[in-house]
Number of protein chains: 2
Amino acid sequence: MSRKVYIENMPLDEARKRWMSHLDSLGFCTPQVETIPVHNALNRITGQAVYAKRSAPHYPAAAMDGIAVRAADTYGATEKSPVYIDKYMEVDTGDYVPDDYDAVIMIEDVNFENDRARIIQPAVPWQHIRSIGEDMVAQDLLLPSYTRIGPYELASLITAGVDEVEVVKQPVVAIIPTGTELVESGSDNMAPGTIVESNSHMLSAFCRQWGAIPLRHPIVADDRELLKKAVLEMLDQCDMLIIGSGSSAGREDYTAHIVEELGQLLIHGIAIRPGKPAILGSIDNKPVVGVPGYPISAQLVFNLFVRPALFARQGIPEPQEDVLDCQIARKLPSPMGVDEYVYVNCASLPTGYYAYPLNRGAGVTTSLVKSDGFIRIPRGSEGIQAGEVVQVWLHRSRQIIDNTIVCIGSHDLAIDVLADLLQRHYGIRLISSNVGSMGGIMSLRRQETHMAGIHLLDPQTGTYNTSYLKRYMSGINWKLLTLVKRQQGLIIKPGNPLNIQGLTDLARSGVRFVNRQKGSGTRVLLDYLLAKENLKPEDIYGYNHEEYTHLAVAAAVQNDSCDVGMGVYASARVLGLDFIPLVEEDYELCILPDIIRPEHVECLINTIKSQEFIERVSALGGYNLEGSGHIRLSAE
Amino acid sequence: MSRKVYIENMPLDEARKRWMSHLDSLGFCTPQVETIPVHNALNRITGQAVYAKRSAPHYPAAAMDGIAVRAADTYGATEKSPVYIDKYMEVDTGDYVPDDYDAVIMIEDVNFENDRARIIQPAVPWQHIRSIGEDMVAQDLLLPSYTRIGPYELASLITAGVDEVEVVKQPVVAIIPTGTELVESGSDNMAPGTIVESNSHMLSAFCRQWGAIPLRHPIVADDRELLKKAVLEMLDQCDMLIIGSGSSAGREDYTAHIVEELGQLLIHGIAIRPGKPAILGSIDNKPVVGVPGYPISAQLVFNLFVRPALFARQGIPEPQEDVLDCQIARKLPSPMGVDEYVYVNCASLPTGYYAYPLNRGAGVTTSLVKSDGFIRIPRGSEGIQAGEVVQVWLHRSRQIIDNTIVCIGSHDLAIDVLADLLQRHYGIRLISSNVGSMGGIMSLRRQETHMAGIHLLDPQTGTYNTSYLKRYMSGINWKLLTLVKRQQGLIIKPGNPLNIQGLTDLARSGVRFVNRQKGSGTRVLLDYLLAKENLKPEDIYGYNHEEYTHLAVAAAVQNDSCDVGMGVYASARVLGLDFIPLVEEDYELCILPDIIRPEHVECLINTIKSQEFIERVSALGGYNLEGSGHIRLSAE
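Quick caveat: nothing in here was measured; it's all calculated off a predicted structure. (Residues numbered from 1 in each chain as written. Chains lettered and ligands numbered in written order. Predicted model: local features only at pLDDT ≥ 70, side-chain atom pairs only at ≥ 80, totals over all residues.)

**Considerations on the interface of chain A and chain B**
Interface size, as often reported, equals the accessible area lost upon joining of the parts.
Now for step 1: Contacts between the two partners involve 96 residues from chain A, matched on the other side by 96 residues from chain B.
Now for step 2: When residues of the side of chain A that touches chain B are traced back to their parent elements, those giving at least two are β11 (141–143), α2 (151–159), β15 (195–196), α3 (199–209), α7 (365–370), α9 (413–426) and α13 (550–558) of chain A.
Now for step 3: Counted by class, the side of chain A that touches chain B contains 42 nonpolar, 35 polar and 19 charged residues. (Contact = placed C-beta atoms within 7 Å. Helix = DSSP H or I, 4+ residues; strand = E, 2+ residues; numbered from the N terminus. Nonpolar A, V, L, I, M, F, W, Y, C, P; charged D, E, K, R; others polar.)

**Let's talk about helix α4 (residues 224–235) of chain A**
Residue and element names in this part refer to chain A.
Now for step 1: A rise of 1.5 Å per residue sets the reference length of α4, with its twelve residues, at 16 Å; its end C-alpha atoms lie 16 Å apart and thus fit the reference within 8%.
Now for step 2: Of all the residues in α4, the buried ones are Leu 227, Ala 230, Val 231 and Met 234. Seen end-on, α4 carries its buried residues on one side only, within an arc spanning 100°. Exposed residues on α4 whose side chains face more than 90 degrees from its buried face are Glu 225, Lys 229 and Glu 233.
Now for step 3: Looking at the buried positions of α4, the neighbouring elements they touch are β13 (172–177), β16 (213–216), β17 (240–244), α5 (255–262) and β20 (279–283). (Expected span 1.5 Å × (residues − 1). Buried ≥ 20, exposed ≤ 12 C-beta atoms within 10 Å, placed from the backbone. Arc of directions from axis to C-beta.)

**Some thoughts on the pairing of strand β33 (residues 513–516) of chain A**
Residues and elements named next belong to chain A.
Now for step 1: On β33, burial covers both faces: Phe 513 and Asn 515 on one face and Val 514 and Arg 516 on the other are all buried.
Now for step 2: Where β33 lies against strand β35 (residues 564–568), two bridges are found, and the strand directions are parallel. When the sheet's bridge partners are listed, Val 514 is paired in β35 with Gly 565.
Now for step 3: Pairing geometry for β33 and strand β34 (residues 546–547), over two bridges, is parallel. When the sheet's bridge partners are listed, Asn 515 is paired in β34 with Glu 546. (Pairing = 2+ DSSP bridges.)

**Here we look at the environment of A:Pro287**
Now for step 1: Residue placement: A:Pro287 occurs in strand β21 (residues 286–291).
Now for step 2: Here A:Pro287 is in contact with A:Leu23, A:Leu26, A:Phe28, A:Met240, A:Ser282 and A:Ala309, once residues within four sequence places are set aside.

**Brief notes about the sheet that holds strand β13 (residues 172–177) of chain B**
All names here are of chain B.
Now for step 1: In space, the six strands of this open sheet follow the order β16-β13-β17-β21-β20-β18, with mixed pairing throughout. Two strands lie at the open edges of the sheet, namely β16 (213–216) and β18 (264–268), each paired on one side alone. Sheet twist, expressed as the average angle between the axes of neighbouring strands with direction ignored, equals 20°.
Now for step 2: In terms of strand pairing, β13 meets strand β17 (residues 240–244) through five bridges, oriented parallel. The partner of Ile 175 across the bridge, within β17, is Ile 242.
Now for step 3: Sheet strands in contact with helix α7 (residues 295–313) are β17, β20 (279–283) and β21 (286–291), and its direction is about 165° off that of β21. (Axes fitted to C-alpha atoms, helices over the stretch in contact; angles between N-to-C directions.)

**Let's talk about the packing of helix α1 (residues 12–25) of chain B against α7(B)**
Residue and element names in this part refer to chain B.
Now for step 1: At a minimum axis distance of 11 Å, the contact between α1 and α7 shows a crossing angle of 35°. Regarding α1 and α7, the two cross each other, and that crossing is right-handed. Two secondary-structure elements touch here, α1 through Arg 16, Trp 19, Met 20 and Leu 23 and α7 through Leu 304, Phe 305, Pro 308, Ala 309 and Ala 312.
Now for step 2: Counted by class, the contact of α1 with α7 contains eight nonpolar, no polar and one charged residues. (Left-handed = near helix turned anticlockwise from the far one by under 90°.)

**What to know about the relation of the copies chain A and chain B**
Now for step 1: With an RMSD of 0.1 Å, the operation that places chain A on chain B is a rotation of 180° combined with a shift of 0.0 Å along the axis. Such a combination of rotation and displacement between the chain copies is what one expects of a two-fold axis. Closest approach to the rotation axis within chain A is made by the C-alpha atom of A:Asp322, at a distance of 5.4 Å.
Now for step 2: Interface overlap between copies: 100% of the residues of chain A at the interface are likewise at the interface in chain B, consistent with a symmetric, same-surface contact. (Least-squares fit on C-alpha atoms with pLDDT ≥ 70 in both.)

**Observations concerning the sheet that holds β16(A)**
Hydrogen bonds between backbone atoms are what pair the strands of a sheet, whose relative direction is either parallel or antiparallel.
Residues and elements named next belong to chain A.
Now for step 1: Here we have six strands laid out as an open sheet, ordered β16-β13-β17-β21-β20-β18, and mixed in their pairing. With partners counted over all chains shown, the strands left at the sheet margins are β16 and β18 (264–268), one partner each. Adjacent strand axes in the sheet meet at a mean angle of 20° when their direction is disregarded.
Now for step 2: When β17 meets β21, the two strands line up parallel, connected through four bridges.

**Section: the domain arrangement of chain A**
Now for step 1: For chain A, the domain assignment lists domain 1 (12–29 + 171–313), domain 2 (33–56 + 135–168), domain 3 (61–130), domain 4 (323–399) and domain 5 (429–634).
Now for step 2: The distance between the C-alpha centroids of domain 1 of chain A and domain 5 of chain A comes to 44 Å. (Domains from an automatic or database assignment.)

**Description of the pairing of strand β29 (residues 404–409) of chain A**
Residue and element names in this part refer to chain A.
Now for step 1: Within β29, five of the six residues are buried, leaving the element largely enclosed by the surrounding structure.
Now for step 2: Bridging between β29 and strand β30 (residues 429–434) involves six bridges; their strand directions are parallel. Its bridge partner lying in β30, Ile 405 is registered against Leu 430.
Now for step 3: One crossover worth recording links β29 to the parallel β30 by way of α9, and it is right-handed. (Right-handed = clockwise from strand over helix to strand, strands pointing away.)

**Structural notes on the environment of B:Cys238**
Now for step 1: Along the chain, B:Cys238 turns up in the loop between α5 (224–235) and β17.
Now for step 2: Once the C-alpha coordinates of B:Cys238 and B:Cys29 are considered, the two residues, 209 residues apart in sequence, prove to be 15 Å apart.

**Points about the nonpolar core**
Now for step 1: The biggest cluster of nonpolar side chains holds 200 residues, and the ones touching the most others in it are A:Val104, B:Ile242, B:Val344, B:Ala355, B:Leu418, B:Ile491 and B:Cys590.
Now for step 2: Here this core gets nine residues from one element, more than from any other, and that element is α7(B). (Core = buried A, V, L, I, M, F, W, Y, C linked by C-beta atoms within 7 Å.)

**With respect to unusual backbone geometry**
Now for step 1: At the junction of A:Ala56 and A:Pro57, the peptide bond is cis and its omega measures out at -10° in the coordinates.
Now for step 2: Within the secondary structure, A:Pro57 sits in the loop between β2 (50–51) and β3 (61–62).
Now for step 3: For the bond from B:Arg273 to B:Pro274, the omega torsion is -5°, close enough to zero to count as cis.
Now for step 4: For B:His128, which is not glycine, the phi torsion reads 55° and is therefore positive.

Structure (structure tokens):
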């Protein structure tokens, strides 16, 4: 058996150029138009210039509430010698002022005595009268071609008597998800190897945001004839066709073959990361894009190739992202041969904006959700050094970025509750990066985070955190804020089938352990406890199998990747596992008062002391909230 | 008869403070929630923290297309001594990797010989395998409360097995337009005094943009009982009630009375311009806002008081507008006692951004449509001096502002065609301000415009434009670009009922003339022609009645405000009027090569020379396009 691996590696710039010129040759970049009632036109794009159909106002109109008069009748009026007028007409704003009158006097300046109006100031001809066409004259150009109709434009069109408007047709984008491993969301069949199909929904959402209409086909299994049938069926109904997944060189990847068979395969494989196995081509003069299966790859290919196409099709420029200059918080190596896109969080520190790279795995959808934007490491670069200033293309507003607290360090479920409550009650975003307690202390030292969650036991003294801060943070101003005390222990399967009673059982044959990563407080604690029991790492099967959070440890036990792990009670409890408590430890927040905004500290402390926080964290189990929210210690 | 004029004049800041605290006391700022299927959740706001319902991946998954192997079987493989493996499993990206295997080798690195896989490099344990929960672990916090669900969040929720999500309810905003003078759009009844109701549609559009659901009531006539009935009917169905118009002190303004009768009238009258007669209160614990009838006032009150309320109701911060520092192009006096909002256009010049104030009339909806943003002249300020730097709160993107050509000067219909084609084919926005040819020359002199449209006859020489530029523009670099030659003449009623044959008829008794404003080229031309005929301004009835554009002159003739005016043939023709040609004149664009971007000049010239421009302008009538698009003259 052999499989043809024919993926190219075309540079991104060239691929974009070829693609746009291919679209031009297909006539795809010429907007199509349709006529619709003006009341449906919100957010649509004008298809041609729109001219006013009538003047507004179409009659001389009172600009104020008051009385219409002949200006000549008011001449000479002063406070001392008022003028009394018989011939006047009461008018409200907008009323027709007949030819008999040529001025309006504001009601505030009129006194009525019997049926006469008493005036103490002369009126100037045409005062407070809006002339015909003051707003617009019939045949005035209201909106040029390819202009978005917002609330103001809508009101103006209605005022101008434009009841129907020619607008650009919304492009229809058909999306076919393919893959035998895919199941529809909501399905109960979640056997190993199945994947919930989510890409088509993400891409559909993008279509809507970009003014297009998505048309989703149900999942098509990896069967060349079935896929071909779906392609032909959808082509009839759309302006552009997206085929999801199946664009790598896997055995069941028919997309490229089908494009080649039915139309023109323009490009297969682009030198980008992620997103390399993209497919670009056309069938029946309609553009076809094969997007990779990994969500991050899929959205990147979609953003790079479908977005510009859809905006061109609608006659409007592709909106530019806001760009923010940021110092990058850690080194990012990158292969020379590709344009790489790395998603990052951003936050404002006194020394400028910082960008924190997120997990680069192409399957890690949570990186996209967390991210504020991306950086591009261009072809020919080997990567970015820590501290280098890079441009971040934002997809989140600066308003949110500016109102962000960064917490780098150890993970705890109470941090999630804190994040939720800060957002909920103060509109403050808390972003946390789980790099373990020691990683947190290193970030504090480099002053690239507002705070860190830490729980580091000093084996010499049996106390938490203080000695580490004194050792590593000399010369830096810090405060230690009590978050929670929490139960650490062994997370085991429900019913404890292996009858694990304590740490010594970890060395038993047939017991598979899962550890936390080096530098995490839990790892320090484990090593301390093992030493006390005279147990050695090499005695424990799985000591080198590392996970990065308490929940990941618990999930590994739940999924039978192992039998036992060490972590907090709450993570055992939320996954329905059993727990053997070993020790209560101090989990504290070390904040940098010179880095974090004082109002953020206030909100932080208020939140931690709040009844809602106490109740929600207590409900997780294994927490002790005595002293939570108090500053326990400050740098000397 | 007497009318109670009870409008207050509360400072804006105080009004906003009282209003927000009133909303708080009503419980309006507490978001309401509902549970909806995840597939409907795009752009909705989470109502509470969302946690993952399952891990992803939920099984060890191949991260590449290739073969699953036991890493131990591959040890020692090199190019020189390949290893042949019998026990392997072909896998595609995403496939389940059963417990029997612990590594995946990329398909590119495998050769198959019969049924055996030939490997030339050892596999590292767990390479190219995604561990369970790599993306997310069950019970991970996916989204905190009050987070918008975009495409990424949607995909992540689906992946996490979240089929239903608790989201913030969209606030329902009932809008009742009131006014006996109002007619529904599309109505044929356009008698003098009638106004097409457009405000409610504009406000509805804003509601949609802000995440709320508008509920529009049909127009209610000025009848207290009818309005009261409508108010009670709508209150039941909404979270907030807007009563349109009827908020001034006019005779038929029942809104404030009804709010006072049925609930609490908090504020009536705010020291802002426009928008003073705003009404704020509540009925049945639901906030009620009375917005003024003028469109600009209505939207301002809506933006200042309804927008923050609706965002608070949804738990998210009010999005901040982008702010741009601009030099103001002309003086803006403003009353001391009010916060005034002035709408402006913006453009980029080599010396920085400029803001061009638009017509401040509260009824001029076209000012809103044209505007890029507004400036705020605070209470206590007498206004802004020309050249002063002000902050502009933008509602249009900088991308559009940066791609704008400013044309200040005379008006011509060909400029509208030019604007449309520049937008259509190059995505360049042309904004024009009609201040007459002399006004254009003054703007050129101050170098605050990219170009000006001018047609100034030198009475001494009978030539156009050149002598004015030489006189006023010494030391400034300019180029004169031919736009069109055009027919100027007398615009008269169809069939010429007054039998006007030429200029001398303007002095006839019973003939009402309408003039163009001082400084316009047409006015200069008229004065020249009158002098040649020995006619004096005082001989002509209406010589001082001024309009600002050709179309406005034609509209005045059409509406019988006068019998005859002077202007271009095209404006007579588009309004179906008759025309007596007098002279063909040169209408030219004077551009400033040091100010305008070279690529904009190129697009300008290409457009003017294009067949499409020639055809569309020719079709207007009265134009001669010989030489259009050529540089006729440059500064020496």
